[in-house]
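Residues per chain are reported as follows:
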Amino acid sequence: MLKLPIYLDYNATTPCDPAVVEEMLPYFSRSFGNAASRHHVFGWQAAEAVEQGRERVAALVGAEPGEIVFTSGATESCNLAIKGVYETYASKGNHIITSATEHSAVLDACRHLERLGAEVSYLESDQDGLIDVEALEAAVRPATILIAVMYANNETGVMQPVRQVSAVARDRGVVFFCDMTQAVGKIPVDVNRDGLDLAAFSSHKIYGPKGVGALYVRRRNPRVRLTAQLDGGGHEKGMRSGTLNVPGIVGFGKACEICGKELHDGRERLGRLRSRLESDILESGIASVNGGAAPRLPHVSSISFEGMEGENLASALGRDVAVSSGSACSSASMEPSHVLKAMGLTDEQARSSVRFSIGRFSTEEEIDYVSRRVREIINQTDQKEVKL
Ligand SMILES: *Cc1c(COP(=O)(O)O)cnc(C)c1O
């Protein structure tokens, strides 16, 4: 039986997998120790749980456990990577290259550094949301210390050519930071194959709890150094002080383990559901897929509806179906999406878009219900316009 409301906003956050919750529970009460307490069994148990979590998180992305720094989420990881490199490499230069379609955690960290004297180049994107690798190469200067380009976009799912980006970074001796929050757990990601030096990701986007994330920090070829942004007890090899969120890390680890097992089948299933949703919605005749011609993650679709307001469509669906509109993506602001605008959409086109993101618990039945509801709303809107 179809159960309402239907959740199609998995890129905003995901429910915890029940197996994740189960794994976490003992660490709230029975095994509540501080992982930094070195002299008793409570501390040892917590530290052991953290190290198992670290191994599982590292395994999902092909890293060594010692290269994983736990944080409060991808926003913190992005800030630590960008600001940490800026401080550490200040004697080498002050220039950062990023792209216009990055998440605000990256863009706002860069803007913050601009106020402190950094020079930042924002690479343009083409109509499909892709950066131009030649433009990236041309933007590198002797003073360039960091290239920050995301793996896949949270609004459109468009995947940047990260291996080409990392080849440029390697060739020019520049650190490459990749926000891989949306790609991890959905497609195979490997920090060595992909040539990432620093990479951010988050537990709550992959069926783990909120408030915990990771920063991958390369330790070899080359070893990347970072200046901590939180000072204190020197946890996480001095890169991120603060008592570790043991239940969160345990849950994050379990979530990574499950994602690793389900990666292959999950990817195919999500791709099938997404194609079904897109082809049904495109039948309306007024819809187009943003970034549709680019390589994309399998589970997300950003669709513009000509002549409609994405906000209105999302609200009309809101009681039964959870999606997000192009403008709602930029959190509190009602500005049209900077991602869609960077792809050349007008304000009006950007405002006419809705993001559908499918996940582990989505069903074919739900997808069919959603596309039927979307077409109904479009038809009703048409009729109203005719009456006017
Ligand atoms: C969700 C998201 C973030 C922020 O992650 P939090 O863990 O919520 O701070 C950063 N980048 C991308 C691409 C995201 O999708």
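Our structure's up above, just so we're on the same page.
The notes below deal with the structure included here. (Residues numbered from 1 in each chain as written. Predicted model: local features only at pLDDT ≥ 70, side-chain atom pairs only at ≥ 80, totals over all residues. Heavy atoms only, no water.)

### Points about the nonpolar core
Item 1. Ranked by size, the top nonpolar core spans 58 residues in total, and within it Ile68, Ile147, Tyr151, Phe176, Met180, Phe201 and Phe252 carry the most contacts.
Item 2. Ranked by residues supplied to this core, first place goes to helix H7 (residues 246-282) with eight residues.
Item 3. Of all hydrophobic cores here, the second largest spans 28 residues; its members include Val69, Leu80, Ile96 and Val175. (Core = buried A, V, L, I, M, F, W, Y, C linked by side-chain atoms within 4.5 Å. Buried < 20%, exposed > 50% of the residue type's maximum accessible area, 1.4 Å probe, protein only. Helix = DSSP H or I, 4+ residues; strand = E, 2+ residues; numbered from the N terminus.)

### Concerning the site of the ligand
Item 1. Within the structure, the ligand sits among Gly73, Ala74, Thr75, His103, Met150, Asn154, Asp179, Thr181, Gln182, Ser202, His204 and Lys205.
Item 2. Contacts to the ligand include Asp179, whose side-chain N or O atom sits 2.7 Å from a nitrogen atom.
Item 3. One nitrogen or oxygen atom from the side chain of His204 is found 2.8 Å from an oxygen atom belonging to the ligand.
Item 4. Here the ligand, which alone exposes 380 Å², has 87% of that area covered by the protein.
Item 5. Among the residues forming the shell around the ligand, the class breakdown is two nonpolar, eight polar and two charged. (Near = heavy atom within 4 Å. Polar contact = N/O pair within 3.5 Å; in protein donor to acceptor, adjacent residues only side chain to side chain. Areas by Shrake-Rupley, 256 points an atom, 1.4 Å probe, with all protein chains shown as cover. Nonpolar A, V, L, I, M, F, W, Y, C, P; charged D, E, K, R; others polar.)

### Side note on unusual backbone geometry
Item 1. Of note, the bond from Leu4 into Pro5 is cis; its omega dihedral lies within 30 degrees of zero at -5°.
Item 2. Structurally, Pro5 is set in the segment before strand E1 (6-7).
Item 3. For Glu236, which is not a glycine, the phi torsion comes out positive at approximately 50°.
Item 4. On the secondary structure map, Glu236 appears in the loop between strand E8 (213-217) and H7.

### Here's the deal with the pairing of strand E6 (residues 175-179)
Item 1. Among the five residues that make up E6, five are buried, leaving the element largely enclosed by the rest of the structure.
Item 2. Burial along E6 is two-sided: the face carrying Val175, Phe177 and Asp179 and the face carrying Phe176 and Cys178 are both buried.
Item 3. For strand E5 (residues 144-148) and E6, the ladder comprises three bridges, and the chain directions are parallel. Paired with Leu146 across the strands is Val175, a residue of E6.
Item 4. In this view, the connection linking E5 to its parallel neighbour E6 by way of helix H6 (residues 162-172) has right-handed handedness.
Item 5. Relative to strand E7 (residues 198-202), E6 is paired through three bridges, and the arrangement is parallel. When the bridges of E7 are listed, Phe177 appears paired with Leu198. (Pairing = 2+ DSSP bridges. Right-handed = clockwise from strand over helix to strand, strands pointing away.)

### What about the sheet that holds strand E9 (residues 287-289)?
Item 1. An order of E9-E10-E13-E12 is seen for the four strands of this open sheet, with the pairing classed as antiparallel. On the outer flanks of this sheet lie E9 and strand E12 (324-325), each paired with one strand and no other.
Item 2. Here five bridges tie strand E10 (residues 300-305) to strand E13 (residues 353-357), and the two strands are oriented antiparallel to one another. Paired with Val300 across the two strands is Ser357, which belongs to E13.
Item 3. Sheet strands touched by H7: E9, E10 and E13. Its angle to E10, the strand with the most contacts, is close to 5°. (Contact = heavy atoms within 4.5 Å. Axes fitted to C-alpha atoms, helices over the stretch in contact; angles between N-to-C directions.)

### A few points about the packing of helix H2 (residues 41-61) against H7
Item 1. Packing of H2 against H7 leaves a shortest axis separation of 8 Å and a crossing angle of 30°. Pair H2 / H7 crosses with left-handed handedness. Residue-level inspection shows Ala46, Ala49, Val50, Gly53, Arg56, Val57 and Leu60 of H2 in contact with H7, the latter providing Val246, Ile249, Val250, Phe252, Gly253, Lys254, Cys256, Glu257, Cys259 and Gly260.
Item 2. Here the contact of H2 with H7 is built from residues that sort into eleven nonpolar, three polar and three charged. (Left-handed = near helix turned anticlockwise from the far one by under 90°.)

### Description of the pairing of strand E3 (residues 95-99)
Item 1. Burial analysis of E3 places five of its five residues in the buried class, the great majority of the element.
Item 2. Pairing of E3 with strand E4 (residues 119-123), which is carried by five bridges, proceeds in the parallel orientation. Looking at E4, one finds that Ile96 is bridged to Val120.
Item 3. Handedness of the β-α-β unit built from E3, helix H4 (residues 104-115) and E4 comes out right-handed.
Item 4. Across four bridges, E3 lies against E5 in parallel orientation. Bridge pairing in E5 links His95 to Thr144.

### Comments concerning the side chain of Thr144
Item 1. Mapped onto the fold, Thr144 is located in strand E5.
Item 2. Polar contacts involving the side chain of Thr144 include one to the side chain of His95, which spans 2.8 Å.
Item 3. When neighbours within four sequence positions are excluded, Thr144 is seen to be in contact with Lys92, His95, Ile97, Ala139 and Val174.

### A short note on a nonpolar patch on the surface
Item 1. A cluster of nonpolar residues, Phe32, Val41, Phe42 and Trp44, forms a patch on the protein surface that exposes about 430 Å² of accessible area.
Item 2. By the element assignment, Trp44 lies in helix H2.
Item 3. A relative accessible area of 48% means that Trp44 is categorised as partly exposed. (Patch = residues over 30% accessible without salt bridge, like charges linked within 9 Å, V, L, I, M, F, W, Y side chains within 5 Å. Salt bridge = Lys/Arg side-chain N within 4 Å of Asp/Glu carboxyl O.)

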